[in-house]
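Spelled out from the first residue to the last, the chains are:
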Amino acid sequence: MQTASASVATRRRQVSGGSSVRGKGVLRKLRHQGGATVFSIPTHFLAELGIEAGAEVEVSLVDGKLVAEPKIQPVLLRRRYTLAELLEGAEHLPQLYAGTEGALDGPALGQEMG
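Analysis parameters
- Residues numbered from 1 in each chain as written.
- Predicted model: local features only at pLDDT ≥ 70, side-chain atom pairs only at ≥ 80, totals over all residues.
- Heavy atoms only, no water.
- Patch = residues over 30% accessible without salt bridge, like charges linked within 9 Å, V, L, I, M, F, W, Y side chains within 5 Å.
- Areas by Shrake-Rupley, 256 points an atom, 1.4 Å probe, with all protein chains shown as cover.
- Salt bridge = Lys/Arg side-chain N within 4 Å of Asp/Glu carboxyl O.
- Helix = DSSP H or I, 4+ residues; strand = E, 2+ residues; numbered from the N terminus.
- Buried < 20%, exposed > 50% of the residue type's maximum accessible area, 1.4 Å probe, protein only.
- Pairing = 2+ DSSP bridges.

Chemist: Could you clarify how one ought to interpret a nonpolar patch on the surface in this entry?
Modeler: Taken together, the side chains of Leu-30, Phe-39, Ile-41, Val-57, Val-59, Leu-61 and Leu-66 present a nonpolar region at the surface, about 690 Å² in accessible area. Take the nonpolar patch: its biggest share by element is 3 residues, from strand 5 (residues 57-62). Mapped onto the elements of the fold, Ile-41 is located in the loop between strand 4 (36-38) and helix 2 (43-49). Accessibility expressed as a relative area gives 42% for Ile-41, which makes it partly exposed.

Chemist: Quick question: what am I supposed to make of the pairing of strand 5 here?
Modeler: When a strand is regular, its side chains alternate between the sheet's two faces. As judged from the 6 bridges shared by strand 5 and strand 6 (residues 65-70), these two strands associate in the antiparallel manner. Residue Val-59 lies in a different strand from strand 6, and its bridge partner there is Ala-68.

Chemist: What is the right way to look at the pattern of salt bridges in this model?
Modeler: Applying the stated criterion across every chain yields a total of 2 salt bridges. One salt bridge in this structure joins Lys-71 and Glu-58, with 3.3 Å as the shortest N-O distance. Of the two residues, Lys-71 is situated in the loop between strand 6 and helix 3 (83-87) and Glu-58 in strand 5; the sequence distance between them amounts to 13 residues. The closest approach of N and O atoms between Glu-69 and Lys-71, which form a salt bridge, is 3.9 Å. Overall, Lys-71 belongs to the partly exposed group, its relative accessible area being 34%.

Chemist: For this particular structure, what's the right way to read unusual backbone geometry?
Modeler: Keep in mind that most residues, glycine aside, have a negative phi and that most peptide bonds are trans. Positive phi is not limited to glycine here, since Asp-63 has a value of about 50 degrees. Tracing the sequence through the fold places Asp-63 in the loop between strand 5 and strand 6. Overall, the relative accessible area of 76% leaves Asp-63 in the exposed class.

Below is the structure:
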């Protein structure tokens, strides 16, 4: 029968595989940050997945393993406008600007900062 400390040591060897790098795995240490327990993800893992800090991941337990699956939002294809389309309806702007000409030339009326 194993003692509690011997079974913990055995479990650590099973989890870590006895080395810090196994296949594509990298050993990380859990730490407390605020009210959470966290670990860092290697930059090359993030690059391979095409995600960065701030990305959402779904964390689950699968067969006793912690799995973090990125939830990549689909890239929204934005329509590209021509200059003519962007300027459409802007013909009235010169009259609008003429009506406000000199609005900033007078003395301060409130508590504006100069």
